[in-house]
Structures are given as structure tokens and as C-alpha cells.
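Read off the chains here:
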Amino acid sequence: MENGEQGACEPDGPFSASPENASPVTATSYPTSLALKNSEREKETSQDAVLSEKVTNSTVTGSVIEDNKTLMWSVATFHETIQCEELHLDLGRFARKGVQQDYRMPDVITVRVQTDPDTFQDVAVKIERPTFRKPFLGGFKNRITGVEFHNAGSQTIPKKRPEKGTTLFCRETQTVFQKNKRQQTANPTSTQMTKVGLYVSSVTDKLITPGKYFTAEEYHKRRLEAVIVLQKYFRRWHARKLVQKLKEEKRLRLAWEAQEELKKKKEKEDKVRRERERRLNPKTKEDFELLYHALESWRQEEIERINATLTGAERKAALCGLLEEEAQLIASIGRHKINADEENQHKAVLHFLSKCAQPKRWKAYDGKTTEMDTPYTLRARELLEIYRSVSMNDIPQDERVDVLLTLRCTVEEHACELTKEIVELIDREVDLMSREVKECNLEGLRKRICTLFLQYIKTPKFNPEVAKILKVPPHPLKLYKNVNFCHSCENYLPSTEFPVPANSRTIGRCHLCCKLDNEARQRESFLKYRLILENLKKSEADYQDDTKIVFLVQLQDLRYMIENIWGCQSALSACSDLYDLVMVRWDKQQEWSPWNTVLLTKDEADAHLKLCNLQEVKFNGLNLFPILLLHFNRILCVVMFGQSPYTHACLSWPTISV
């Protein structure tokens, strides 16, 4: 449409289009949609003589214009667009293929949306154009029109790699390929001599005289002498290196031996210090065994001294004084035992409550441990903190009152006789503290409060978590087959309360009666033998060969073997320190038994377990197999013949040490 023509559609007229796609429509001539179809049919030509039919539809803002209507009736606004689509019906080769005319979508289009039955709203939609070429993922191409049809396409913009600030190159631009080729160029030379008509100066010439001629034998002799000189220097260098290496190894060996000696000395001092500490402050059963054993040793020494130096009435008076001193020492040990029992009982209670307050733990697939607190564990932890505060001594009076008030609020949550009694005791203590009663006079009342509160904690109704840890007493009917009678204390006890030696035929006394008898009479200490037995069981468990005999050996059996068979000393070095002795297998391929064991020190045991063939073992050129075989003869004698004159004769053989 020219600029000067009349009747062009104005923005305020009945029909308007967008500025980019304005159609050339005049006011004087208004063609209908059918006329447009006919004109398009006249322009259509077919290259392949294929019968086709085109159906044209005109749309304005989503509505279809009929064939007998003109574009004047479309009433399009200024921002609306008239679009024509042609549907090709190819009756020949392509059936019903829709081909769209070339059309460029504007950057912004206006879409009319119906919000209510009588209300329309225009929405501006921004068109995003692709900034990259889509990859070809399969499809086909129309050979007639040249149009490509893709099976699928990626609409997502590919992610760009972040810029690192440095320029990157591929390998082909960074790798240098080198190729070497040898070449030899020609170098022509010539010589020129003096002749008739030619003079060559001899100023720069050198006079070379032949040396002494030597034969091939002399040449090889000189080469041999040179090789011998080189060998001398090399052997000297090698010898110096070897000597330096030996010196370094000797220095390291001496340093290691000094360190080991210092370590052993320190361990011995620590052992003596620990034994002294255990005797001064006994806390466990083993500590009191050592204390009673030391008391018995002191008593025996004093008796020997009195018998050797005194006679008659003086001897009797000295023995009476010794008896009084022994009674005083026994009473002192008893007081220490009472204090230790109270302390151990308090520690056992705290350990029991701490076990109740621990969170639930389990190991995940990645090896990490996960912990989880439940309402029951939180309740147990709260009661544990209150019990610790209540059982504390030497705290200020105001803090003690706060603790008692917290305890009262806790127990008042449940109404029963136990909680009422605890509340009454709390009120009584608060009243006595307000009257400024001494701390020593309140100890009994405070212990009673702690005892009742511990009973409150151990009740599953008030502390549900404790139900999983409390020992439930078995049914009495189940104990009939597993109960034995102790003739010493005259009590019926489970079979686990009785020691079972290897040579026992009947059930003897219980563990408690044996302990009391040992403290009153023999006063022997089994700590050293217990350590040896624990190390033996631990080492046998590491073999994982289903050994059984070692777990049936009792403490008395092991003590008999060490004292009567091995003489409380090592079979090789005759070391008599039981803290350093261990029992290992004689033949490590066989199961441990009293006839397949040997008593050695820890270092000797480590070396013994590394041996493969015991019959070829030598120490300083001496075969050790007959020496160790002598000790096994002792074991077999005791096992086969028991206590007999032949056995005593075998046990009287001297112990051979290397």
C-alpha cells in the first residue's frame, strides 16, 4: 500500500494489524476469503504434476473467517495479526501433509485470554529464539521441497563451561612431535706436496717420531694391570662402604639394646610402683590378695627370726606380740576393704546408670556410627544427673537446697509410698539445714535419701530404660537341675559359683568359702598365674582353630604345672620372673595341651613361634631339641604316673639353661 493512497486502514478503524505484519488492505476493495482462495489456486503450479488441493483458513485472534465474509468484517485491532494457513492435501505421494508458509514470528505477541464470560484480557508474550543449532537426532528429508523433519530435538540450552581465566588448547596444539634423521654430508679434502714448480712451506709442520713398539701380549698385560688397579680401588671403596654399614648397624643395635634395657628397667620400676600403690591403696580383690600374701610373708619371716634368736618365755612373749600385731594389721586391712567396697559400689551404681542413659547406637553401611536419643534414654540421663548431684558431698548449703528441690519436683510426678517417703526425708533435711545442724549429723539422712532415690530409679515404672538392664531372677523350678550344696557355708548355690579343678570328682566349696579360707590360712596370691592364664587364652583364641583344652584349664591346674613341672622358670634362660613368663605351644601346628606347651619369656616365645622345624634349632651351636625334650619327659611322667617315687625322681632332675 502506498503512502498516498486513500482508504488505508487506520489504527482507529474497524480493522488494524500489528506494525510488523500489517496487511495491504484498502477501503475501496474488500475481497472475500473465497476470492483469496481462487486467486491462490490460479497462482499454484505443480512441478511433479501431482494433484493437490489447498484449503486456506484466515484467523483473527483465534476466530475463523467464513468464505463469504470480507476482511472488513474481521474487526481486528491495531495490535492483532491476520494469519493465513494453507493445508495441502497431496493425494498422490504424500497424504495429508501440513506445510506451513514461511512466517517470522515477532519478538512479542499479544494473546487475548478470556478471564470471565464477558471479560477478555490481553497478555504480552515474549518469544525466545534459539541461540544455537539443534543437533540432528534422526529424521528424514523431503526430496521435493527440501524440508528436513527431525524425530526429536533438544530444547534445553547446553550448559557452558565456566571460564577459568586461562586459555586452553587441545593436545594437538600442545604436543611437539620430533623426528630425528641422521645425515652425513660430503666433505671433500685434498693434500698438496712440493714438486717442481710448486713450493709448500713447512713452517707449521710437526715432526712425529715413532714410539717403542709393543706386542699384543704386552698390550694385554698393560690392560690387565690397569684392570687390577681399578679392582683394588673398587674393592677398597666397597670394603669401606661395608665397614661403614656394619658400624651403623652396630650403632643402631647398641642403641636398640640400650633402649630395650631402659624400657625393661622402666617397666620394672612401674611394676614395683604399681604393686606398692596397690598395697597402700587396695581397691580390687587382687590387691587384697597381694596384701594378705605380703602379710603372710612378713609373719613367716618374723616367726623364723624369733625361733632363731629367742627361746623359752621370751620366745612365747615375742610370738604373742607378733599375734597382736598380726591382728591389728588384719583389722586395718578389713577397714580398707570396707572403704573399697563402698567406693566400688558407688562406681558400680554410676556405671549402671550411665549404661541406662547411653543413646542407641548402630553402625551404618559406610562404617560411621549413628546415635539416637529416645525419650526413655533422656529420662534416664536426667535421673543420672540428679543422682550425681544428690550423692555429692561438701557442697554449699544453697546448692544443696536447689538439688533437693529439683529432686522433689522429679519424684512428685508419681504418687506412691516410695515418693512420699523421699519427699518427707527431703523436707526433714531442709528443716535441719535451716536449723544449722552439723554436716556430720546429716550423713545418715543423706545416705537414706540416696538409697531411696536409687530404688526409685531402678523401678521400671519411673525409669522404663532400666527394664532392659535389670537382672530378672529365674524361675525356681529351673534352678533344681543347676543347684549344688556347699558343705562349708551350707548354702544352695548355682553351679557357676563352684570351682571345678581338672582332677575333681565331687563338688567342693564355693568361690566365697575358698576365698575366706585363703585369707585365713594360706594367704596365697594367684595374680601372676591369672595373668599367664589370660595371656594363654587370648593367644589361643587368635589361632581360630577350635581349640578347647585351654578353656577348661583352671587356675589351680596352671599353677601346679608352672610350680611342679617347669619350676617357675623359663625352659631356656631360667628366668624366674613370672610377670615376664608366658605359655605357648611347643608345636604350633597342634592344639595346645599340657603335653604340647612350653614356658618361656615373652621374647623367647616370639622367637619360638617363628620357627618352622624344631629339630634343627640351634643356639650358639648347641642343639636345643634334647634340652626341651627333657622337660616334656617331666610332663609325661606326671601325667602318666601321677605323684609316685618315679615322678619325684624325674622332677629332681636339674633344669638345664643355656
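Residues numbered from 1 in each chain as written. Predicted model: local features only at pLDDT ≥ 70, side-chain atom pairs only at ≥ 80, totals over all residues. Heavy atoms only, no water.

The name an unreviewed UniProt entry gives the protein is IQ and ubiquitin-like domain-containing protein isoform X1, with Aythya fuligula as the organism.

Participant: What exactly am I supposed to notice about the overall build of the protein here?
Facilitator: What the protein contains, in helices and strands, is 15 helices and 15 strands. Contacts in the protein between residues far apart in sequence, at least 24 positions, make up 53% of those at least 6 positions apart. Of the roughly 50,400 Å² of accessible surface on the protein, 54% is carried by carbon and sulfur atoms. (Helix = DSSP H or I, 4+ residues; strand = E, 2+ residues; numbered from the N terminus. Contact = heavy atoms within 4.5 Å. Areas by Shrake-Rupley, 256 points an atom, 1.4 Å probe, with all protein chains shown as cover.)

Participant: Where do I start with the side chain of T374 in this structure?
Facilitator: Looking at the element boundaries, T374 is found in the loop between β9 (369–372) and α6 (375–391). Its relative accessible area of 17% is what places T374 among the buried residues. Among residues more than four places away in sequence, those in contact with T374 are K360 and E465. (Buried < 20%, exposed > 50% of the residue type's maximum accessible area, 1.4 Å probe, protein only.)

Participant: Help me understand the environment of L558 in this model?
Facilitator: Tracing the backbone shows L558 in helix α12 (residues 555–565). In this structure the C-alpha to C-alpha distance between L558 and P594, which are 36 residues apart in sequence, comes to 9.1 Å. Among all residues touching L558, those that are not within four sequence positions of it are Y529, I532, L533, V553 and M583.

Participant: I would appreciate a short explanation of helix α5 (residues 312–357) in the present structure.
Facilitator: Each turn of an α-helix holds 3.6 residues, which means side chains three or four residues apart point in the same direction. With 46 residues, α5 extends 67 Å from end C-alpha to end C-alpha; this agrees with the ideal 68 Å at 1.5 Å per step. Listed as buried for α5 are L322, E326, I333, K337, A340, V349, L350, F352, L353, C356 and A357. If you follow the buried residues of α5, they end up packed against α4 (285–309), α6, α9 (443–457) and α10 (511–522). (Expected span 1.5 Å × (residues − 1).)

Participant: How should I be thinking about α6 in this particular structure?
Facilitator: Taking 1.5 Å per residue, 17 residues should reach 24 Å; α6 reaches 24 Å between its end C-alpha atoms and fits that length. Looking at α6, one finds that the buried residues are T377, R379, A380, L383, L384, I386, Y387 and V390. Of the surrounding secondary structure, the elements contacted by the buried residues of α6 are α5, β8 (360–363), α7 (397–411) and α9.

Participant: Any chance you could explain the pattern of salt bridges here in plain terms?
Facilitator: Where side chains of opposite charge bring their charged atoms close, a pairing between them can arise. Enumeration according to the criterion identifies 34 salt bridges in this entry. Its salt-bridge partner being R379, residue E413 comes within 3.4 Å of it at the nearest N-O pair. Of the two residues, E413 sits in the loop between α7 and α8 (417–434) while R379 sits in helix α6, which places them 34 residues apart along the sequence. Notably, a salt bridge pairs R388 with E385, separated by 3.9 Å at the nearest N-O pair. Pair noted here: R388 and E385 are both in helix α6, with a separation of three residues, about one helical turn. The exposure class of R388 is partly exposed, given its relative accessible area of 35%. (Salt bridge = Lys/Arg side-chain N within 4 Å of Asp/Glu carboxyl O.)

Participant: Sorry, what's going on with empty space enclosed by the protein here?
Facilitator: If a probe the size of a water molecule is rolled over the atoms, the empty space left behind becomes visible. Under the criterion given, the structure shown has one cavity of 30 Å³ or more. A volume near 40 Å³ is recorded for the largest cavity. Around the largest cavity, the lining residues are D394, I395, P396, Q397, R400, M433, E439 and R446. Residues belonging to the lining of the largest cavity are distributed by class as follows: three nonpolar, one polar and four charged. (1 Å grid on protein atoms, 1.4 Å probe; cavity = no way out; pocket = protein on both sides within 12 Å on 5 of 7 lines; lining within 4 Å. Points joined across faces, edges and corners; volume = space filled by probe spheres on them. Nonpolar A, V, L, I, M, F, W, Y, C, P; charged D, E, K, R; others polar.)

Participant: Looking at this model, I keep getting lost on a nonpolar patch on the surface. Mind explaining?
Facilitator: A grouping of V111, V113, V123 and V125 is seen on the molecular surface, where their side chains present a nonpolar patch of about 230 Å² in accessible area. When residues of the nonpolar patch are traced back to their parent elements, those giving at least two are β4 (108–116) and β5 (119–126). Structurally, V123 can be placed in strand β5. (Patch = residues over 30% accessible without salt bridge, like charges linked within 9 Å, V, L, I, M, F, W, Y side chains within 5 Å.)

Participant: Before we go on, may I ask you to explain the nonpolar core in this structure?
Facilitator: In summary, soluble globular proteins display a tendency toward joint burial of nonpolar side chains. In this structure, Y387, L407, F453 and Y456 are the most contacted members of the largest nonpolar core, which totals 33 residues. Elements supplying a minimum of two residues to this core: α5, α6, α7, α8 and α9. Among the elements that make up this core, the one with the highest residue count is α9 (eight residues). Inspection of this core shows a minimum of three residues originating in each of domain 1 (285–357) and domain 2 (364–474). Sequence-distant contacts of Y387, that is, excluding residues within four places in its chain, are made with H346, V349, L350, L353, C450, F453, L454 and I457. Membership of the second largest hydrophobic core comes to 27 residues, among which are V550, W566, L572 and L578. (Core = buried A, V, L, I, M, F, W, Y, C linked by side-chain atoms within 4.5 Å. Domains from an automatic or database assignment.)

Participant: Would you explain unusual backbone geometry in this entry?
Facilitator: Only a minority of non-glycine residues have a phi that is not negative, and only a minority of peptide bonds are not trans. Here the phi dihedral of D546 falls at roughly 60°; this positive angle occurs in a residue that is not glycine. The topology assignment puts D546 in the loop between α11 (527–543) and α12. One non-glycine residue, C568, lies in positive phi territory at about 55°. Structurally, C568 can be placed in the loop between α12 and β12 (581–585).

Participant: Can you walk me through the confidence of the model for the protein in this structure?
Facilitator: When pLDDT drops low, the exact placement of atoms in the prediction is not to be read closely. Taken as a whole, the protein shows an average pLDDT of 77; of its residues, 73% reach a score of 70 or greater. This stretch, residues 1–30, has a pLDDT under 50; its non-local contacts, to residues over four places away or in other chains, come to 44 contacts. Note on residues 67–100: pLDDT is under 50 here. Beyond four places in sequence and across chains, it has 91 contacts. (pLDDT = per-residue confidence, 0-100.)

Participant: Is there a simple way to think about the layout of surface pockets in this case?
Facilitator: The calculated volume of the largest pocket comes to roughly 900 Å³. In this structure, the largest pocket is lined by 29 residues; those nearest its centre are H511, C514, F526, L555 and Q556. Secondary structure elements with two or more residues in the lining of the largest pocket: α4, α10, α11 and α12. The greatest single-element share of the lining of the largest pocket, amounting to seven residues, is contributed by α10.

Participant: What should I look at first to understand the packing of α11 against α12 in this one?
Facilitator: The relative placement of two packed helices is expressed as an angle between their axes plus a distance between the axes. α12 packs onto α11 with a crossing angle of 100° between their chain directions and a minimal axis gap of 10 Å. Between α11 and α12, the angle is such that the two are roughly perpendicular. Residue-level contacts link Y529, R530, I532 and L533 of α11 to L555, L558, R559, I562 and E563 of α12. Of the residues belonging to the contact of α11 with α12, the class tally is six nonpolar, no polar and three charged. (Axes fitted to C-alpha atoms, helices over the stretch in contact; angles between N-to-C directions. Parallel < 35°, antiparallel > 145°, perpendicular 65-115°, else oblique.)

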